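Below, each chain spelled out in residue letters.
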There are 2 protein chains.
Amino acid sequence: MNVQEYMHGLGHKARRAARQLAGVTSGEKNAALLSIAEALNSARTALEAANAKDLEQGVKNGLDAPLLDRLRLTPAVVDGMVEGLRQVANLPDPCGEITDLSYRPSGIQVGKMRVPLGVVGIIYESRPNVTIDAASLCLKSGNATILRGGSEAIHSNRAIADCIAQGLSEAGLPVDAVQVVETTDRAAVGELITLSEYVDVIVPRGGKSLIERVSRDATVAVIKHLDGICHVYVDDKADLKKAFDIALNAKTHRYGVCNAMETLLVAEAVAAEVLPELAGAYEEKGVELRGCERTARFISVKPASDEDWATEYLAPVLSIRTVDDMAEAMAHIEQYSSRHTESIVTEDYTRARRFLSEVDSSTVMVNASTRFADGFEFGLGAEIGISTDKIHARGPVGLLGLTSQKWIVLGDGHIRQ
Amino acid sequence: MNVQEYMHGLGHKARRAARQLAGVTSGEKNAALLSIAEALNSARTALEAANAKDLEQGVKNGLDAPLLDRLRLTPAVVDGMVEGLRQVANLPDPCGEITDLSYRPSGIQVGKMRVPLGVVGIIYESRPNVTIDAASLCLKSGNATILRGGSEAIHSNRAIADCIAQGLSEAGLPVDAVQVVETTDRAAVGELITLSEYVDVIVPRGGKSLIERVSRDATVAVIKHLDGICHVYVDDKADLKKAFDIALNAKTHRYGVCNAMETLLVAEAVAAEVLPELAGAYEEKGVELRGCERTARFISVKPASDEDWATEYLAPVLSIRTVDDMAEAMAHIEQYSSRHTESIVTEDYTRARRFLSEVDSSTVMVNASTRFADGFEFGLGAEIGISTDKIHARGPVGLLGLTSQKWIVLGDGHIRQ
């Protein structure tokens, strides 16, 4: 089949389903989420068989071990999907909430109503459980979804799609509310991200090259983050015990995550006290240290290049820069940060207040590890991604980020004078 | 000068100014707005002279009368700019507001802080007073602005820019906080809308062709509306007096505005009662009526083509369609609306509730004229435009639409477990 026609067909059906979802109650959406959980739970054998095909093909295609690992639908992964659906069913429904409804001098009442965005396109790579994560959040927030997973997971994704369709149908919801792109043709992505007639927003989840391509070519709005180059600044007024804990946790709690610290900034006045102890702890964890010339006066580091400051290592590597003061730290962040998350460690009230208000990142912290920048930790219940853009959603994006607010006006025959 | 270099230079300076504005207080911003008002008030002779050059050039270039009219900086227009600045100074400052700050089970406090978007690019056509409207809203919301007006107003815009620079400088704010593009080279627009490194959002204000071009070519986010194809649906449960008032007001209060009704939908059961009286009133106002076949059974209309339903007349022309019921009206709106504003006239509670929640437009009304869809009427104090998009700002966009929210986290040495 012609890919363009196929994707337009999906778009058209998604738009129609989105329209139908506008009239669906929270109870009906929750029932569908629970039915999908049941369907998955009962389809473990079919899921395993489908996944085995993908794994076999993956081995044949020479996928490396971590990729095969992410592709694998173990019983624990299926448990996670089932549990995730139940959790999303338990979250409050953001749709329909009316806020700020008040009378204007003209006599009309004006307020805002929270409503779904409409149709959300998700583009993701190997992990098939994203199919359920994304579909459940979009469905709960009243959106129709078009899911485009990696070709290496196509059999698994189709089997999951069958469960979703079964759950939707049992709950009496339109089956087109969640559609999985059935073709592995790469042109499908290009079509999806330019379907502005039918798709309201695209959420790419995957490596940097995928996200760069989607951002560059999309004509539909994109919720994304490219990089997590997060900073911790240890101020000379820091409580050094807190500084030690936070700097260690932010780097070593997990390495391959976007909210891990990639660059540590230390005020020179406390560098001699802070750096040697930290360097020892990092060394114990096997973290490679790169640093500026001033840093090399306190601890042994490889020289950091300008490229280091601009790199998201996603690995046990840390760049360290010794700075004069908070102003220099903020200038460094301004130049190199990817606007994800930055944290200051200080006991100084005025500096904490200034850092919080002036640092231009999605999340700004005082005396806390950057690892907290996460939808679950922030209480969103679930997260579809983390946005480093400023338009629409910023930081961890949960159900609210998948909705919009329209204005409502209640009158009694009112006309403009 | 090379346009690309010139625009990059403006972008770079705007970004630096935006950074400086992050540390500026509400009082300082208000002082700057009032200083600009004073500067304009004192520069009336210079403004008049600059404007005379534009008008002279305009006559030479054969601009038509309405365009020349919009170009003219009459004393009343200058009064309006001065008064507008004072009003914006009086609006509450949205920046820095912290909301939803609460403790999470981990012990951290998580909340949101409202912050400027950063750098806003405004692209507009002939009316030079937009320079002040846009600059004042952007400045109040803490954004740096790059203003690109029409080439036909270049002398007026430069003279206004001088006043802005004087006001900023007197108030001790960076003069680059508001920059007017000094070149009339059309390539400057193409540069501005792709300056993603420096510009956070573009607001185009002008005709449909300008907005279409900007939306198509921009790589920066755009806040815009293309069309205002607004509908009023007169339900068979309508109070017919209210229906008459609203249908007349929505069409005839002003013709050339985006919130004017372009299509009237009438339930067949009341068409015989509603249409003849309305047709008489429209005729009195000189409104040309086009209608579907069913409508032609009740009143004399030109036949409406499919194109009519999709046209924003911005003129004394109205298309009328007689429908079976609300479902058919909603289907018509779904197909032809530009998602700006729709209103239902009904006394039926359930239909009002359903229309409000299911119609997917920026503003949805019950028993009120579409003409109320306006930032001033909604209490925003001022309006930079009306958005028919769902991402970020929707409907009338005031100061809030020029801001974003970042997450803030307050800890006491907290680390992820």
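About the cut-offs
Residues numbered from 1 in each chain as written. Chains lettered and ligands numbered in written order. Predicted model: local features only at pLDDT ≥ 70, side-chain atom pairs only at ≥ 80, totals over all residues. Helix = DSSP H or I, 4+ residues; strand = E, 2+ residues; numbered from the N terminus. Rg over C-alpha atoms; globule rule 2.2 N^0.38 Å. Buried ≥ 20, exposed ≤ 12 C-beta atoms within 10 Å, placed from the backbone. Contact = placed C-beta atoms within 7 Å. Pairing = 2+ DSSP bridges. Axes fitted to C-alpha atoms, helices over the stretch in contact; angles between N-to-C directions. Nonpolar A, V, L, I, M, F, W, Y, C, P; charged D, E, K, R; others polar. Core = buried A, V, L, I, M, F, W, Y, C linked by C-beta atoms within 7 Å. Domains from an automatic or database assignment. pLDDT = per-residue confidence, 0-100. Parallel < 35°, antiparallel > 145°, perpendicular 65-115°, else oblique. Least-squares fit on C-alpha atoms with pLDDT ≥ 70 in both.

1. Focus on the overall build of chain A
The number of helices and strands found in chain A is 15 helices and 17 strands. A globule of 417 residues ought to have a C-alpha radius of gyration of about 22 Å, and chain A, at 24 Å, matches this closely. Principal-axis analysis of the C-alpha atoms places the extent of chain A at approximately 70 × 65 × 35 Å. Buried residues in chain A amount to 52% of all 417 residues. Within chain A, contacts between residues separated by at least 24 positions form 73% of all contacts whose residues are at least 6 apart in sequence.

2. Section: the sheet that holds strand β3 (residues 119–124) of chain A
Residues and elements named next belong to chain A. In space, the five strands of this open sheet follow the order β5-β4-β3-β6-β7, with parallel pairing throughout. The open sheet is flanked by β5 (178–180) and β7 (221–222), the only strands paired with a single partner. By the bridge criterion, five bridges tie β3 to strand β4 (residues 144–148) in an arrangement that is parallel. Residue pairing for β4: I122 is matched across the bridge by L147. Along the sheet, helix α1 (residues 3–21) contacts β3, β4 and β5; its crossing angle with β4, the most-contacted strand, is approximately 145 degrees. Where helix α6 (residues 130–140) meets the sheet, its contacts fall on β3, β4, β5 and β6 (201–205), and the angle it forms with β4 comes to roughly 165 degrees.

3. Observations concerning the interface of chain B and chain A
Contacts between the two partners involve 58 residues from chain B, matched on the other side by 58 residues from chain A. It is strand β17 (residues 403–414) of chain B that contributes the most residues to the side of chain B that touches chain A, 11 residues altogether. Among the residues forming the side of chain B that touches chain A, the class breakdown is 21 nonpolar, 20 polar and 17 charged. As paired elements, strand β14 (residues 363–368) of chain A and β17(B) share five bridges and run parallel to each other. What sits directly across from A:A368, in β17(B), is B:H414.

4. Topic: the nonpolar core
Judged by nonpolar contacts, the single largest core of 193 residues is most densely connected at A:I202, B:I202 and B:V234. Here B:I202 is in contact with B:G121, B:I123, B:I193, B:V214, B:A218, B:V220 and B:V222, once residues within four sequence places are set aside. In this structure, A:L248, A:Y282, A:I344 and B:V110 belong to the second largest nonpolar core, which totals 51 residues.

5. A closer look at the domain arrangement of chain A
Interface extent is often summarised as the accessible area lost during association of the parts. Parsing chain A into structural domains produces domain 1 (3–223 + 397–409) and domain 2 (230–372). In this structure, domain 1 of chain A and domain 2 of chain A have C-alpha centres spaced 36 Å apart.

6. A short note on the confidence of the model for chain A
Across chain A, the average pLDDT comes to 95, with 100% of residues at or above 70. Both scores are given for the predicted complex: the pTM is 0.92, the ipTM 0.92.

7. With respect to the packing of helix α5 (residues 75–90) of chain B against helix α6 (residues 129–140) of chain B
All names here are of chain B. Where α5 meets α6, the closest approach of the two axes is 10 Å, and the angle between their N-to-C directions is 5 degrees. It follows that α5 is roughly parallel to α6 by the angle criterion. Facing α5, whose interface residues are V77, G80, M81, G84, L85 and V88, α6 presents N129, I132, D133, S136, L137 and K140.

8. Side note on the relation of the copies chain B and chain A
Turning chain B through 180 degrees and shifting it by 0.0 Å along the axis lays it on chain A, with an RMSD of 0.0 Å. Overall, the copies show the geometry of a two-fold rotation axis. Across chain B, the rotation axis passes nearest the C-alpha of B:H392, at a separation of 1.9 Å. Interface residue correspondence from chain B to chain A reaches 100%, placing this contact among same-surface, isologous pairings.

9. Topic: the pairing of strand β13 (residues 341–345) of chain A
All names here are of chain A. Burial analysis of β13 places five of its five residues in the buried class, the great majority of the element. Along β13, one buried face is formed by T341, S343 and V345 and the opposite face, lined by E342 and I344, is buried too. Bridge count for strand β8 (residues 230–234) against β13 is four bridges, and the pairing is parallel. Considered in β13, the bridge of H231 is made with E342. In this structure, β13 lies alongside β14, joined through four bridges in parallel fashion.

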